[in-house]
Amino acid sequence: MNAQTQPSFPPSEDTVSRAHIDARGYADMYAASISDPDGFWAEHGKRVDWIKPFSKVKNTSFEPGNIDIQWFEDGTLNVSANCIDRHLETRGDQTAIIWEPDDPSTQDAKHITYRELHSSVCKMANVLEELGIRKGDRVVIYLPMIPEAAYAMLACARIGAIHSIVFAGFSPDALGARVNGCDAKLVITADYAPRGGRETPLKSNTDAALLHCKDSVKCLVVKRTGGQTTWTDRDYDYGEMMLEASDYCAPAEMSAEDPLFILYTSGSTGQPKGVVHTSGGYLVYAAMTHEYVFDYHDGDVFWCTADVGWVTGHSYIVYGPLANGATTIMFEGVPTYPDAGRFWEVCAKHKVNQFYTAPTAIRALMGAGNDWVEKHDLSNLRLLGSVGEPINPEAWTWYNDVVGKGNCPIVDTFWQTETGGHMLTPLPGATTLKPGAAQQPFFGVQPVVLDPQSGVEIDGNGIEGVLCMRDSWPGQMRTVWGDHERFEKTYFSDYKGYYFSGDGCRRDEDGDYWITGRVDDVINVSGHRMGTAEVESALVAHAKVAEAAVVGYPHDVKGQGIYAYVTLMGSEAPSDELRKELEVWVRTEIGPIAKPDLIQWAPGLPKTRSGKIMRRILRKIAEDDFGSLGDTSTLADPSVVDDLIDNRMNRR
Ligand code: WTA
């Protein structure tokens, strides 16, 4: 579609008059952020409270061999004090966190004020200290979406420990690998994680994981359901320790560049890598994007439906909103439990003003019908957000018409675990919206589109290529935990002098950006990012599997589904039971989110003569697009392709 014919939605007068920034303001501020980054960020760096103010602002290099990113480097601060203590005087009795339980029929929502948050976080920080946790130590958090997850994050930040959250849907193996990966001293978990009416046994998962970790690793257990668990010598009872703990803990003075957290994420090769974010720049960026992109105003109720196990939960449930003194919702459940009206019921109940979710949820709820939305009062909604994958125009339109009643701007925010906060996004009072476009760079962000082969910047509009960033922004990741070389290799070596996002992108005739999806072997399943290599290595770890190749294919609800080609050991015969067995196997190796949707038995895989699997061909077959396979003559054995086509799986 060209720029002239595509639908577009200018901001309403109402939106513009309320918004922090209008079109003119955006243009001026953006220009200032690029022409004078030091001046711009010196000013906006003041939005956080510094113990010792910074005198240096930006000190960054994307130069090969010397990738070095520092912001506000000589300033000191405490992130937890910024998210809590500094609000006590003005909004101590305001709700900081509204917690909404999985099952609304058995439990009420909790409203936690800033003062209460302060007390719980201080106590938990003292508990951590009592367990021997010190500045710089790593703490793994493996919790359901309960307030204690936020307390744990902020308690780590308070004493200068580095947290690494592992999504509660991950298996014991994945948890163990992450505990070992950052050499954590402590795992904080719960007995069970209720979700969608079911309970995941987190404590027993943790016990299984810790069998493969050092004996010295301790385990702090929160009782969420009170269900039965086994107890070992390494376990400590959170409830009991909190009773004894003092409710004051002085915030540690941290350098702006001290790590705040590690978050493991998938890449195109190897095992997940530990993305490291530091304190000052990250907080400035998370808070600033939260305020401007969602047009957050004092007193608003903000709801991001993500899990704190993902970066979206870090930046837009906890750090960004709390740094801004906001009221943020933490939701334990799922969109369809007890019924498909749950999101809208919660929006009505808590008078939500800004609602931020993923396209996969929007598509699933769109499929459930409009009645579920219409029976709830959504009159407080002012803005809607989308994140995690490209949003298709049908889902955008439904979100706009049925949920937003045509009155709520939609911000389609493109960003990554690595970027800390939004990179490309509309601003509600400034941007004429186009369904499906991430549109414009946030302040300080310099997107460029490169030719994938030559790596040369493509100028002008109406063009397509790979998306890179020309320069640094304060929320950028600083390194891969324990492997700075991998950091450089992954993000700065394909296109020298730039940060490479891994995404393809189009810049339309108006200069707006459209993300076209990953150009590497990362797939995006229900907004969860996964490396195909991880699923493959789980599959080949099964004794009956000789070889496996995994690709994504278009899926109506999940965005992408997981399509696995599996070659069995010579003595094994394919069967439906074996297919089930492999599905269960991958669930236990990684977690339910990695379970293949389709498994095709492949007597052989298409390989080049040097033995490299031709994924392009496998992708085409999985997409049912085998009319355009391209040149297959370089394959070692071209006949395997015919077999794969003949026996391809039905995607419906
Ligand atoms: C994809 C999630 C299109 C993209 C915050 C990126 C998107 C990956 C969008 C990062 C969007 C995220 N439009 N694609 N609005 N947002 N993506 O690290 O492929 O879990 O590289 O961070 O999600 O996923 P991650």
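Residues numbered from 1 in each chain as written. Predicted model: local features only at pLDDT ≥ 70, side-chain atom pairs only at ≥ 80, totals over all residues. Heavy atoms only, no water.

S.K.: Looking at this structure, how should I read the site of the ligand?
M.R.: Contacts to the ligand come from 17 residues, most closely from Asp412, Thr413, Thr417, Asp503 and Arg529. Within the contact set of the ligand, an oxygen atom lies 2.6 Å away from a side-chain nitrogen or oxygen of Thr417. Here the ligand loses 95% of its free accessible area of 520 Å² to cover by the protein chains. For the shell around the ligand, the secondary-structure elements that each account for two or more residues are helix H12 (311-323), strand S20 (410-413) and strand S25 (513-518). Across the shell around the ligand, the residue classes break down as 6 nonpolar, 6 polar and 5 charged. (Near = heavy atom within 4 Å. Polar contact = N/O pair within 3.5 Å; in protein donor to acceptor, adjacent residues only side chain to side chain. Areas by Shrake-Rupley, 256 points an atom, 1.4 Å probe, with all protein chains shown as cover. Helix = DSSP H or I, 4+ residues; strand = E, 2+ residues; numbered from the N terminus. Nonpolar A, V, L, I, M, F, W, Y, C, P; charged D, E, K, R; others polar.)

S.K.: Got a minute to help me understand the packing of helix H8 (residues 172-181) against helix H9 (residues 202-210) in this structure?
M.R.: Packed helices, taken two at a time, are described by the angle between their axes plus the distance between the axes. Where H8 contacts H9, the axes come no closer than 8 Å and their chain directions differ by 55°. Between H8 and H9, the interaxial angle falls into the category oblique. Pair H8 / H9 crosses with right-handed handedness. Between H8, through Pro172, Leu175, Gly176 and Val179, and H9, the contact on the second element is made entirely by Asn205, Thr206, Ala208, Ala209 and Leu210. Class assignment of the residues belonging to the contact of H8 with H9 gives a composition of 6 nonpolar, 3 polar and no charged. (Axes fitted to C-alpha atoms, helices over the stretch in contact; angles between N-to-C directions. Parallel < 35°, antiparallel > 145°, perpendicular 65-115°, else oblique. Left-handed = near helix turned anticlockwise from the far one by under 90°. Contact = heavy atoms within 4.5 Å.)

S.K.: Help me understand the UniProt feature "domain: Acetyl-coenzyme A synthetase N-terminal" (unreviewed entry) in the chain in this model?
M.R.: This chain's UniProt record puts "domain: Acetyl-coenzyme A synthetase N-terminal" (unreviewed entry) on residues 26-83. Counted over residues 26-83, helix gives 40% and strand 24%. Its end C-alpha atoms are 27 Å apart. (UniProt positions renumbered as here; feature names shortened; annotations may be inferred.)

S.K.: Please explain the packing of aromatic side chains as it appears in this structure.
M.R.: Geometry of an aromatic ring pair is reported as the spacing of the ring centres plus the angle between the planes. This structure, assessed with the given rule, holds 41 aromatic pairs. Note on Tyr495 and Phe500: the rings are 5.0 Å apart at their centroids and 75° apart in plane angle, and the pair reads as edge-to-face. Put simply, the rings of Tyr26, Tyr30, Phe40, Trp41, Trp50, Phe54, Trp71, Phe72, Tyr285, Tyr292, Phe442 and Phe443 touch in pairs and so form one group of aromatic residues. Its end group placed over the ring of Trp99, Lys110 keeps NZ or CZ at 5.0 Å from the ring centre. In this structure, Arg506 packs its charged tip against the face of Trp514, placed 4.8 Å from the ring centre. (Phe/Tyr/Trp six-rings, centres within 6.5 Å; stacked < 30°, edge-to-face > 60°. Lys NZ or Arg CZ within 6 Å of the ring centre and 35° of its normal.)

S.K.: Would you mind showing me how to read the side chain of Thr431 here?
M.R.: In this fold, Thr431 is placed in the loop between S20 and strand S21 (447-450). A polar atom in the side chain of Thr431 sits 2.8 Å from the backbone nitrogen of Leu427. If sequence neighbours within four positions are ignored, Thr431 has contacts with Phe9, Pro11, Pro426, Gln439 and Gln440.

S.K.: Please clarify how the sheet that holds strand S22 (residues 463-469) should be interpreted in this entry.
M.R.: Sheet strands line up and pair through hydrogen bonds in the backbone, either parallel or antiparallel. Spatially, 4 strands are ordered S21-S22-S24-S25 in an open sheet, and the strand pairing comes out antiparallel. Each edge of the open sheet is held by one strand with a lone partner, namely S21 and S25. With direction set aside, neighbouring strand axes in the sheet form an average angle of 45°. Across 4 bridges, the pairing between S21 and S22 is antiparallel. Looking at the pairing, Val448 lines up with Cys468 of S22. (Pairing = 2+ DSSP bridges.)

S.K.: Would you mind going over helix H17 (residues 484-492) with me for this structure?
M.R.: Every α-helix winds through 3.6 residues per turn, so residues three or four apart in the chain are directed the same way. When we look at burial in H17, the residues that qualify are Phe487, Glu488, Tyr491 and Phe492. Taken down its axis, H17 places every buried residue within 100° of arc, on the same side. Projecting away from the buried face of H17 at angles above 90 degrees are the exposed residues Glu485 and Lys489. On the buried face of H17, the contacting elements are strand S1 (58-63), strand S2 (66-71), strand S15 (273-278), strand S23 (479-480) and strand S24 (499-507). (Buried < 20%, exposed > 50% of the residue type's maximum accessible area, 1.4 Å probe, protein only. Arc of directions from axis to C-beta.)

S.K.: Quick question: what am I supposed to make of the packing of helix H6 (residues 114-130) against helix H7 (residues 147-159) here?
M.R.: In the contact formed by H6 and H7, the axes pass within 8 Å of each other and the chain directions differ by 65°. When the axes of H6 and H7 are compared, the crossing they make is right-handed. Contact residues: Leu117, His118, Ser120, Val121, Cys122, Met124, Ala125, Leu128 and Glu129 in H6; Glu148, Tyr151, Ala152, Leu154, Ala155, Cys156, Arg158 and Ile159 in H7. Considered class by class, the residues forming the contact of H6 with H7 number 12 nonpolar, 2 polar and 3 charged.

S.K.: Looking at this structure, I do not really get the nonpolar core. What am I missing?
M.R.: As a rule of thumb, soluble globular proteins bury nonpolar side chains together. By size, the foremost hydrophobic cluster in this structure holds 162 residues, and its most contacted members are Leu117, Ile188, Tyr319, Phe443 and Val566. Tallying contributions element by element places H7 first for this core, with 10 residues. Other than its neighbours up to four places away in sequence, Phe443 contacts Ile21, Tyr26, Met29, Tyr30, Ser33, Phe40, Trp41, Tyr285, Met288, Tyr292 and Leu427. Residues Val301, Ala340, Trp396 and Val402 belong to the second largest nonpolar core, which totals 29 residues. (Core = buried A, V, L, I, M, F, W, Y, C linked by side-chain atoms within 4.5 Å.)

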